[in-house]
Amino acid sequence: MLVIVLGCLGLLLSGCRQAPLSEKGERSQFDRYDLVRDEYAPAYLEDEYGRKKPNLRGRLIGRR
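So, how was this worked out
Residues numbered from 1 in each chain as written. Predicted model: local features only at pLDDT ≥ 70, side-chain atom pairs only at ≥ 80, totals over all residues. Heavy atoms only, no water. Helix = DSSP H or I, 4+ residues; strand = E, 2+ residues; numbered from the N terminus. Buried < 20%, exposed > 50% of the residue type's maximum accessible area, 1.4 Å probe, protein only. Contact = heavy atoms within 4.5 Å. Areas by Shrake-Rupley, 256 points an atom, 1.4 Å probe, with all protein chains shown as cover. Salt bridge = Lys/Arg side-chain N within 4 Å of Asp/Glu carboxyl O. Patch = residues over 30% accessible without salt bridge, like charges linked within 9 Å, V, L, I, M, F, W, Y side chains within 5 Å. Phe/Tyr/Trp six-rings, centres within 6.5 Å; stacked < 30°, edge-to-face > 60°. Lys NZ or Arg CZ within 6 Å of the ring centre and 35° of its normal. Polar contact = N/O pair within 3.5 Å; in protein donor to acceptor, adjacent residues only side chain to side chain.

A. Layout of the overall build of the chain. Helices and strands together make up the secondary structure of the chain, namely 3 helices and 2 strands. Counting from the amino terminus, helix and strand elements in the chain follow one another as α-α-β-β-α. Here the chain, with 64 residues, has 8% of them falling under the buried criterion. If you take every contact in the chain between residues at least 6 apart in sequence, the share linking residues at least 24 apart comes to 13%. Element-wise, carbon and sulfur atoms account for 59% of the exposed surface of the chain, whose accessible area totals about 6,500 Å².

Printed below as a string of structure tokens:
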């Protein structure tokens, strides 16, 4: 029982760390190439209310 409680506590505490990748850092080795070709998609977009939303469509849609 104690092992289960300590395991759950360890999982909860490990989720409170900062993300290993920042929003301003490069996402992959191809980001510079995308910037030069004007195909770079930002990681987040702001909606009309100023809330940040992930730019999934812009990052996952194939190139034309």
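B. Structural context of unusual backbone geometry. A positive phi angle, near 60°, is found at D38, a position not held by glycine. Looking at the secondary structure, you find D38 in the loop between helix 2 (31-36) and strand 1 (44-46). Of the residues examined, D38 reaches a relative accessible area of 70% and is grouped as exposed.

C. Local environment of the pattern of salt bridges. With the rule as written, the count across this model stands at 1 salt bridge. R51 is the salt-bridge partner of D47, the closest N and O atoms lying 3.3 Å from each other. Assessed through its relative accessible area of 46%, R51 is described here as partly exposed.

D. Spatial organisation of a nonpolar patch on the surface. Side chains of L2, L6, L9 and L13 sit close together on the surface and give an oily, nonpolar patch of about 430 Å² of accessible area. Of the residues examined, L2 reaches a relative accessible area of 61% and is grouped as exposed.

E. Molecular detail of the packing of aromatic side chains. Summed over the entire model, instances satisfying the criterion amount to 0 aromatic pairs. If you follow K52 out to its NZ or CZ, it ends over the ring of Y44, 5.3 Å from the centre.

F. View of the side chain of N55. Note that N55 resides in the loop between strand 2 (52-54) and helix 3 (56-60). Among the polar contacts made by the side chain of N55, one reaches the main-chain amide nitrogen of G58 at a distance of 3.1 Å. Residues contacting N55, with those up to four places away along its chain left out, are A41, P42, A43, Y44 and L45.

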